[in-house]
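# Overview (structure and organization)
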Amino acid sequence: MIDQLIQQGVQQMTDESRFDDIYLRLNELTQDVIQAGTIGTSQVAIARTLSLATGLASDMREVKADIREMKADIRNLNAGVEEILRLLRGGSGSQT
């Protein structure tokens, strides 16, 4: 009977250590899943940010090209106005 009680005690301890081991493994797995989820979420956020930044950079190149074109148009208009003023000054001087 004592041997039986000892064996039951050993069996109970073995079962408890198995449960402890299972809970320990579950906790480790849970932490791994949480970490993987965090890393995955971070990677998605980084990918979205890079995609947005790439799109914005492309938009900025287009805006810069538009600004250069507008500056060229303004220079041409300015040259045209200067030519008109020169002609007007020359025309009014020749009439007097």
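Quick note: structure is the one above.
Below is a summary of the structure that appears in this document. This is a predicted model, so every value here is computed, not measured. (Residues numbered from 1 in each chain as written. Predicted model: local features only at pLDDT ≥ 70, side-chain atom pairs only at ≥ 80, totals over all residues. Heavy atoms only, no water.)

## Concerning a positive patch on the surface
Residues Lys64, Arg68, Lys71 and Arg75 make up a contiguous surface patch of positive charge. Look at Arg75 and you get exposed, because its relative accessible area is 54%. (Patch = residues over 30% accessible without salt bridge, like charges linked within 9 Å, V, L, I, M, F, W, Y side chains within 5 Å. Areas by Shrake-Rupley, 256 points an atom, 1.4 Å probe, with all protein chains shown as cover. Salt bridge = Lys/Arg side-chain N within 4 Å of Asp/Glu carboxyl O. Lys, Arg positive; Asp, Glu negative; His and termini not counted. Charge placed at Lys NZ, Arg CZ, Asp CG, Glu CD. Buried < 20%, exposed > 50% of the residue type's maximum accessible area, 1.4 Å probe, protein only.)

## Some points on a negative patch on the surface
A surface patch of like charges, here negative, comprises Asp59, Glu62, Asp66, Glu69 and Asp73. In this structure, Asp66 sits in helix α1 (residues 2-95). (Helix = DSSP H or I, 4+ residues; strand = E, 2+ residues; numbered from the N terminus.)

## Thoughts on the pattern of salt bridges
By the definition in use, this model includes 1 salt bridge. With a closest N to O distance of 2.6 Å, Arg86 and Glu83 form a salt bridge. With Arg86 and Glu83 both in helix α1, this residue pair falls 3 residues apart, about one helical turn. Its relative accessible area of 35% is what places Glu83 among the partly exposed residues.

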